[in-house]
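So the chains spell out like this:
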Amino acid sequence: MYSQQALALNFDEQSSSEKTLVPPIKIQGIKTKLIPFIRENININTASTWFEPFMGSGVVGFNLAPYNAIFSDVNPYIIDFYNCLKHKEITPEIVREYLEKEGKKLASTPTDKSSYYYEVRDRFNKEHNPLDFLFLQRSNFNGMIRFSKNGYNVPFGRKPNRFRPALITKIVNQVEKTQEKILDNNWTFICSNWEEAIKQATTDDFIYLDPPYIGRNTDYYTSWNSEDANKLANYFNEHIDLHFALSMWYKNKYRKNDHISKWRGNMVTNEHFYYLGGHETNRNSITEALIIG
Ligand SMILES: C[S@@+](CC[C@H](N)C(=O)[O-])C[C@H]1O[C@@H](n2cnc3c(N)ncnc32)[C@H](O)[C@@H]1O
């Protein structure tokens, strides 16, 4: 079904005059570095509604969505956090006060399993306070979001002094900028499965899709398997008039992603490099695809 040519663009060669807004929530597979690439390759009508049913951190829509947007995710804590920004139940001042207080407690406990991090994690799993969610996301291992049947289960990032004044200011600024953007627009945040969330989308709208990557990261809040991935591809093959862009990994050093052939649309790719152990000899590349239909 998939037949278009792949056009390789190197992220480093691209120029982008617009500064990327970085949101306060982190997540594995976050697209912050791919914003210029995505921006250059999709055309959004400013009068359309942006649907982002796998929002994660929200970084893509926060940078690209027009005035009307519906952001959604199955993870209720992401949605709760952004709704608190929208309704000003969380403000930059509240975040600063909270992180200064909780950051001090973290700094005064050991790095092992008795760390204050685990107290906050237990508290979050009982009370679901969105500020605790932010705390965990910014002091955990690698900015990951992962849940098991017992709740949030990402381990501590092992840096008790994590919340130094510079980092607190950085997070507070991210909260401030993101909140300003949310308040300037007509953006809605809904906790929902993707299929329910895009039911209202029309042919005038644009849907950005960034589902968990089959064969790479699939563990977030719920599980995601090949059947889910195929169902999503089939939905867009059946709804031929819907406009969308799908982010997906295309290939790495070892293999290509066969799932991509199930999608209709044009593909552009972006190769980027990462280092293992900091040595030039350990340079690896991953090619990300954007399929536009
Ligand atoms: C790859 S992440 C999105 C990352 C995001 N684009 C970013 O840059 O931060 C995938 C997201 O899909 C969500 N998700 C997984 N299964 C889902 C489903 N069935 N319906 C809606 N969202 C789902 C996960 O909770 C996760 O937040």
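Above this text is the structure in question.
What counts as what
Along each chain, residues carry numbers from 1 onward, in the same order as the chain's sequence is written. Reporting in this predicted model follows two pLDDT cut-offs: at least 70 for local features of residues, and 80 or more for side-chain atom pairs to be given and counted; totals over whole chains, interfaces and linings ignore these cut-offs and use all residues. The side-chain numbers reported here are obtained from all heavy atoms of the structure, hydrogens and water having been left aside. Counting from the N terminus, the helices are DSSP H or I runs at least four residues long and the strands are E runs at least two residues long. Between the two quantities, the radius of gyration covers C-alpha atoms and the globule rule is 2.2 Å times the number of residues to the power 0.38. Burial classes follow relative accessibility: with a 1.4 Å probe on protein chains only, a residue under 20% of its type's maximum area counts as buried, one over 50% as exposed, and anything between as partly exposed. The criterion used for residue contact is that any of the two residues' heavy atoms lie within 4.5 Å. The method behind every accessible area is Shrake-Rupley, applied with a 1.4 Å probe, and residues are considered shielded solely by the protein chains displayed. Note on charges: Lys and Arg go in the positive column, Asp and Glu in the negative column, and His and the chain ends are not counted at all. Charged side chains are reduced to one point each, which is NZ for Lys, CZ for Arg, CG for Asp and CD for Glu. DSSP-based pairing: two strands are paired if at least 2 bridges between them are found. In this analysis an axis means a line fitted to C-alpha atoms, helices contributing only their contacting stretch, and an angle means the value between N-to-C directions, from 0 to 180 degrees. The labels follow the angle: roughly parallel below 35 degrees, roughly antiparallel above 145, roughly perpendicular from 65 to 115, and oblique for the rest. By definition, turning the near helix anticlockwise from the far helix through less than a right angle yields a left-handed crossing, and turning it clockwise yields a right-handed one. For this scheme, ten residues count as nonpolar: Ala, Val, Leu, Ile, Met, Phe, Trp, Tyr, Cys and Pro. Four count as charged, namely Asp, Glu, Lys and Arg, and the remainder, Gly too, count as polar. Whether a residue is near a molecule or strand depends on its heavy atoms: if one lies within 4 Å, it is near. A 3.5 Å cut-off defines polar contacts: any pair of N or O atoms within that distance qualifies, except that in protein one atom must be a possible hydrogen donor and the other a possible acceptor, and neighbouring residues in sequence count only when both atoms are side-chain atoms.

(A) How the structure looks around the overall build of the protein chain. Assigned secondary structure in the protein chain consists of 9 helices and 10 strands. Compactness check: the protein chain gives a C-alpha radius of gyration of 19 Å against a globular reference of 19 Å for 293 residues, within 12% of the reference. If you line up the protein chain on its principal axes, its C-alpha atoms span 60 × 50 × 40 Å. Residue burial in the protein chain is summarised as follows: out of 293 residues, 51% are buried. A separation of at least 24 residues holds for 69% of the contacts in the protein chain among residues at least 6 apart in sequence. With an accessible surface of roughly 14700 Å², the protein chain has 47% of that area assigned to carbon and sulfur atoms. Both charge centroids of the protein chain, one from 35 positive and one from 34 negative side chains, sit 7 Å from each other.

(B) A look at the environment of I145. Tracing the sequence through the fold places I145 in the loop between helix 6 (130-139) and strand 4 (147-148). On a C-alpha basis, the gap between I145 and N63 in space is 21 Å, while along the polypeptide they are 82 residues apart. When near neighbours in sequence (up to four residues on either side) are disregarded, I145 contacts I25, K26, I27, Q28, N75, I78, F133, Q137, V154, D219 and Y220.

(C) Looking closely at the pairing of strand 2 (residues 49-52). Of the two faces of strand 2, the one holding T49 and F51 and the one holding W50 and E52 are both buried throughout. Direction of pairing for strand 2 relative to strand 3 (residues 68-73): parallel, over a ladder of 4 bridges. Bridge pairing in strand 3 places W50 opposite A69. Pairing of strand 2 with strand 7 (residues 206-209), which is carried by 2 bridges, proceeds in the parallel orientation. Bridge assignment links W50 to a residue of strand 7, and that residue is F206.

(D) Spotlight on the packing of helix 4 (residues 92-107) against helix 7 (residues 165-184). Packing of helix 4 against helix 7 brings their axes to within 9 Å, and their N-to-C directions diverge by 155 degrees. One element, helix 4, and the other, helix 7, form an angle in the roughly antiparallel class. Remark: the crossing between helix 4 and helix 7 carries right-handed chirality. Contact residues: helix 4 offers P92, V95, R96, L99 and E100, while helix 7 offers I168, T169, I171, V172, V175, E176 and Q179. Taken together, the residues that form the contact of helix 4 with helix 7 break down as 7 nonpolar, 2 polar and 3 charged.

(E) Quick look at the site of the ligand. With respect to spatial proximity, 21 residues lie near the ligand, and among them K31, S57, D73, N193 and D210 are the closest. In this structure, a nitrogen atom belonging to the ligand sits 3.1 Å away from a main-chain N or O atom of W194. Out of a free accessible area of 610 Å², the ligand has 97% covered by protein chains. Here the residues of the shell around the ligand sort into 13 nonpolar, 5 polar and 3 charged.

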